[in-house]
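Breakdown of the fold
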Amino acid sequence: MSSFIPHLHSDLRTARETRRGATATPESVPRGVHKTYPRMEQIKLPSPEKLSLSLTEALEQRTSHLGVGKSGVLSMDILSTLLGNALKKRDSSLHRNYPSGGGLYPIETYIITNTLNESIPSVFHYNPTLHVLEKLWAIPEEIPLKELIVQKDIPPFSTIIIFTSVWKRSSAKYGDFTYMLALLEAGHMSENLLLVSTALGLHSRPVAGFDDSMINKLLDLDPLLEQPIYSVIIS
């Protein structure tokens, strides 16, 4: 085994103890923050439905689909139930249905889709507090959806959900250890999405191999502040 991996792991674990690179005291870092796009159109999602599939059944049936799933339009009702059960902020607190280091929630959620309610292919940001989609802009014709994925043998898909990390949201408290915490959080979030997708009969698959530069351009990200780290595709 290469010495790179254990050295990297040990280095990040040590950073957790020393808070190397931290810029604030732990108690002064704001919790439960997320991005908003107040100048963009807000699309209010309906209330998420309760899931009819049990957790046991969802775990047993979950798989990373290789083929095309249900054809047709991804409705607002389905998307609301997917995002609401998996990622929405709880009404009674700052917490959501997945853990986050220090309750800082550095991960943002973007939805890039070409089938939502038969609208033109567009990019959306999910606001977990208001449970709304913030419509950012149309997908440029020169950026085909499938080109966002590096793995070319993946069949066509209609939607890709991108998780990005806003590093400074956690690094002020945790320093370098932020990197590990952000990856863990994105994993928790994706598992929620995959299980809810299974309960809704959607075909989904996690994908880590995507074109970073193309997604940065499409989402208008500053890579020094925010970067894509994981994704889930829905066909």
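Our structure's up above, just so we're on the same page.
First, a word on what this report is: a plain description of the structure on this page. Please read these numbers as outputs of a predicted model, since none were measured by experiment.

**Digging into the overall build of the protein**
Secondary structure assignment for the protein yields 6 helices and 7 strands. When its C-alpha atoms are laid out on the principal axes, the protein stretches across 50 × 45 × 40 Å. The burial tally for the protein puts 46% of its 235 residues in the buried class. Total accessible area on the protein stands at roughly 11800 Å², and carbon and sulfur atoms take up 55% of it. Side chains of the protein give 23 positive and 24 negative charges; the mean places of these two sets differ by 6 Å.

**Let's talk about a nonpolar patch on the surface**
Together, Phe4, Ile5 and Leu8 make up a nonpolar patch on the protein surface, roughly 310 Å² of accessible area in all. Here Ile5 is to be found in helix 1 (residues 4-18).

**What to know about the environment of Thr198**
Secondary-structure assignment places Thr198 in helix 5 (residues 178-199). A C-alpha to C-alpha distance of 11 Å links Thr198 and Thr56, two positions 142 residues apart in sequence.

**Overview of the packing of helix 4 (residues 167-174) against helix 5**
How two helices sit against one another is set out by the angle between their axes and by the gap between those axes. Put simply, helix 4 and helix 5 touch, their axes get as near as 9 Å, and they point 130° apart. Considered as vectors, helix 4 and helix 5 are oriented oblique to each other. The handedness of the crossing between helix 4 and helix 5 comes out as right-handed. Residues Trp167, Ser170, Ser171 and Tyr174 of helix 4 form the contact with helix 5, whose participating residues are Thr178, Tyr179, Leu181 and Ala182. In terms of residue class, the contact of helix 4 with helix 5 is built from 5 nonpolar, 3 polar and no charged.

**Quick notes on empty space enclosed by the protein**
Applying the stated criterion across every chain, the model contains 2 cavities of 30 Å³ or more. One number sums up the size of the second largest cavity: a volume of about 60 Å³. Along its surface, the second largest cavity is lined by His34, Leu87, Arg96, Tyr98, Ile107, Glu108, Thr109, Tyr126, Pro128 and Met189. For the lining of the second largest cavity, the element with the most residues is strand 2 (residues 107-113), which contributes 3 residues.

**A look at the environment of Leu194**
Along the polypeptide, Leu194 turns up in helix 5. Judged by its relative accessible area of 3%, Leu194 falls in the buried class. Once the C-alpha coordinates of Leu194 and Leu94 are considered, the two residues, 100 residues apart in sequence, prove to be 23 Å apart. Setting aside residues no more than four positions away along its own chain, Leu194 makes contact with Arg62, Ser204, Arg205, Pro206 and Val232.

**Remarks on the pattern of salt bridges**
In total, this model carries 5 salt bridges according to the counting rule given. The shortest N-O distance in the salt bridge between Glu108 and Arg169 comes to 2.9 Å. You can see Glu108 sitting in strand 2 and its partner Arg169 sitting in helix 4, a full 61 residues away along the chain. Judged by relative accessible area, Glu108 falls into the buried class, the value being 2%. Residue Arg169 is classed as buried on the basis of its relative accessible area of 11%. What emerges from the salt-bridge pattern is a single network uniting Asp11, Arg20 and Asp176.

**A closer look at the sheet that holds strand 5 (residues 159-166)**
Ordered by their spatial adjacency, 7 strands build an open sheet running 1-4-3-2-5-7-6, and the pairing between neighbours is antiparallel. Each having just a single partner strand, strand 1 (41-44) and strand 6 (204-207) make up the two edges of the open sheet. With strand direction ignored, the average angle separating the axes of adjacent strands in the sheet is 30°. In this structure, strand 3 (residues 122-127) lies alongside strand 4 (residues 132-138), joined through 6 bridges in antiparallel fashion. The residue of strand 4 that forms the bridge with Asn127 is Val132. The strands that helix 5 touches are strand 2, strand 5, strand 6 and strand 7 (226-234); relative to strand 7, the one it contacts most, it runs at about 20°. Where helix 6 (residues 212-219) meets the sheet, its contacts fall on strand 2, strand 3, strand 4, strand 5 and strand 7, and the angle it forms with strand 7 comes to roughly 95°.

Cut-offs used in this document
Residues numbered from 1 in each chain as written. Predicted model: local features only at pLDDT ≥ 70, side-chain atom pairs only at ≥ 80, totals over all residues. Heavy atoms only, no water. Helix = DSSP H or I, 4+ residues; strand = E, 2+ residues; numbered from the N terminus. Buried < 20%, exposed > 50% of the residue type's maximum accessible area, 1.4 Å probe, protein only. Areas by Shrake-Rupley, 256 points an atom, 1.4 Å probe, with all protein chains shown as cover. Lys, Arg positive; Asp, Glu negative; His and termini not counted. Charge placed at Lys NZ, Arg CZ, Asp CG, Glu CD. Patch = residues over 30% accessible without salt bridge, like charges linked within 9 Å, V, L, I, M, F, W, Y side chains within 5 Å. Salt bridge = Lys/Arg side-chain N within 4 Å of Asp/Glu carboxyl O. Axes fitted to C-alpha atoms, helices over the stretch in contact; angles between N-to-C directions. Parallel < 35°, antiparallel > 145°, perpendicular 65-115°, else oblique. Left-handed = near helix turned anticlockwise from the far one by under 90°. Contact = heavy atoms within 4.5 Å. Nonpolar A, V, L, I, M, F, W, Y, C, P; charged D, E, K, R; others polar. 1 Å grid on protein atoms, 1.4 Å probe; cavity = no way out; pocket = protein on both sides within 12 Å on 5 of 7 lines; lining within 4 Å. Points joined across faces, edges and corners; volume = space filled by probe spheres on them. Pairing = 2+ DSSP bridges.

Scope: geometric values only; no functional claims are made or implied.
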